[in-house]
Amino acid sequence: MGGCRKKSDAPEAKEAVFLRRKITLTRAMSLAIGTMVGSGIFISPKGVLQNSGSVGVSLIVWLACGILSLFGALAYADLGTSITKSGGHYIYLLETLGPLPAFLRLWAEFVIIRPANMAVVSLAFGRYLIEPLFAPCHAPALAVKFITTTGITLVIALNCWSVTLSANIQTALTALKVITLGLIIVPGMMAVGNGYYENFQEGFDTSMVTLDKLPLAFYSGMFAYGGWFYVNFVTEEIVNPKRNIPLSIMMSLIVVTVCYILANVSYYAVLTPQEILSSEAVAVSFADKAFTSISSVLPILVALSCFGALNGGIFAASRMLFAASREGQWPALFSMIHIQRHTPLPALLLMLPLIYLMVSIGDIYGLLNFYSFSRWFFIGLATLGLIVHRYRHPELPRPFKVPLVIPLVFTIASFFIVGTSLYSDPVNTSIGCAITLSGLPVYYLVVQKTRIPGCCISKFNSLTAKLQILMKVAFQDVQTY
């Protein structure tokens, strides 16, 4: 659909308009760790404990989520080295199961999943940044939302400006995240070493454990690990992807799983389960009790950690929209790149309005359950697609090949969690399901372009050309896959 292509007699490679391979192994690991260690480990402990019913079961849930995420990551490493296009979930569904499930994933991503996910992380950013200013009272909701929208706007602006700048910021903030986790883990382990075991003594008391709530505990835990798949969104920008995709994903998940288990043990060594459940910001409560000398600094570090997760998530998600537009399932404007900045400017700008809308809702845990259904259903479909793809195309080279039992286990677990969530939280899950299915008429009316009147297509192409000139964007000159 529409758009005028940049003309050039013989464009030099250095002047050509395309997304450069600037994501090294270090940057890929920073992207994965930086998006996983965002707000999750600082807000999810409450959700995991609340729905698991006991300290011991919550720790098992954290470990199980780490192992399950590793299985999914291994499957995605297989997909990422055999299907060399950017776009992550969307492109894998398109290549393995066809255009309809791919479009529904795209629709869910930009109507539910991405805005709600970014809203959850950004609300945590706003809360942690401003909460200390109002202590011991809670910060006003309006103030939190103002800081939140400011943070989102800044992240979008950074990603529009420069790939290198946003990647370097991501690397620096990832290092800061590790330091922040260290400030939680070290005093917690010292407390355990000094004999603070009270909160673990009845850790496996199952009287409060209810099976119908466990899927919601897994949603909170999987949210904290969410981010291992973002490396696959930027496959075409990764240096030596056949080596660096598997390495970055596996190394990142191992590091994060160990850190998460130790961080949760530290929380329980210092805070009682009741204190965690009553806290709006678990890391702040931990700092207030563990070491008052830097209690005012830790919330700022956590806020910066959330900022890094926002940066990584928006950096990666814009590439899915870019890839879908290139495949003809989204308006052509969104497959264009700024001719000087070499960033997918239109794809980045499209995310702002819906994120603002989700921020206005403001309920972190409601948003978490709201979008988790669609996210894990489609990730499960993508790993199922790997199994189908293996049988349909056994001749394709696979630089990184995993046993089929790994994607099979992940697919079954994802579908089980999604299915039981219909019982655990039917309202939010049903809303998420309904919004996903609302993409069906859009697919048949808009994506099937023969159904659109010619006059509408002509007007849309004219609008696309005008926006292209206004934003100074053009199609890629170089094929990067």
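What you are looking at is a predicted structure, and each value in this text was computed from that prediction instead of being measured.

Caption draft 1: Representation of the pattern of salt bridges in the model. Within this structure, the stated rule accounts for 9 salt bridges. Linking arginine 326 and glutamate 236 is a salt bridge whose minimum nitrogen-to-oxygen distance equals 2.5 Å. You can see arginine 326 sitting in helix α12 (residues 298-326) and its partner glutamate 236 sitting in the loop between α8 (214-225) and α9 (241-270), a full 90 residues away along the chain. Given the relative accessible area of 23%, arginine 326 is considered partly exposed. By sharing partners, the salt bridges in this structure join Asp78, Arg390 and Arg398 into a single network.

Caption draft 2: View of helix α3 (residues 55-82). Over its 28 residues, α3 extends 41 Å from the first C-alpha to the last, a length consistent with the 40 Å expected when each residue adds 1.5 Å. The distance from a side-chain oxygen at the start of α3 to the backbone nitrogen of valine 57 is 3.3 Å, and the residue carrying that oxygen is serine 54.

Caption draft 3: Structural context of the packing of aromatic side chains. As enumerated under the stated definition, the model contains 17 aromatic pairs in all. When the ring of tyrosine 267 is compared with that of phenylalanine 286, the centres are 5.7 Å apart and the planes differ by 80°; the resulting orientation is edge-to-face. A residue pair is termed long-range when its members are at least 10 positions apart, and tyrosine 267 in helix α9 and phenylalanine 286 in helix α11 (residues 282-290) qualify at 19 residues. Within the aromatic cluster, the residues linked to one another by ring pairs are Tyr76, Tyr92, Trp228, Phe229, Tyr230, Phe233 and Phe410. The lysine or arginine in question, arginine 341, covers the ring of tryptophan 161, its NZ or CZ lying 3.4 Å from the ring centre.

Caption draft 4: Structural detail: the nonpolar core. In this structure, Phe42, Leu106, Trp228, Tyr260 and Trp376 are the most contacted members of the largest nonpolar core, which totals 148 residues. Per element, the largest residue contribution to this core is 19 residues, and it comes from helix α5 (residues 99-134). Every residue in contact with tyrosine 260, bar those within four places of it in the chain, is listed here: Met36, Val37, Ile41, Trp62, Ala224 and Tyr225.

Caption draft 5: How the structure looks around the environment of phenylalanine 315. Along the chain, the position of phenylalanine 315 falls in helix α12. Once the C-alpha coordinates of phenylalanine 315 and valine 427 are considered, the two residues, 112 residues apart in sequence, prove to be 31 Å apart.

Calculation notes
- Residues numbered from 1 in each chain as written.
- Predicted model: local features only at pLDDT ≥ 70, side-chain atom pairs only at ≥ 80, totals over all residues.
- Heavy atoms only, no water.
- Salt bridge = Lys/Arg side-chain N within 4 Å of Asp/Glu carboxyl O.
- Helix = DSSP H or I, 4+ residues; strand = E, 2+ residues; numbered from the N terminus.
- Buried < 20%, exposed > 50% of the residue type's maximum accessible area, 1.4 Å probe, protein only.
- Expected span 1.5 Å × (residues − 1).
- Polar contact = N/O pair within 3.5 Å; in protein donor to acceptor, adjacent residues only side chain to side chain.
- Phe/Tyr/Trp six-rings, centres within 6.5 Å; stacked < 30°, edge-to-face > 60°.
- Lys NZ or Arg CZ within 6 Å of the ring centre and 35° of its normal.
- Core = buried A, V, L, I, M, F, W, Y, C linked by side-chain atoms within 4.5 Å.
- Contact = heavy atoms within 4.5 Å.

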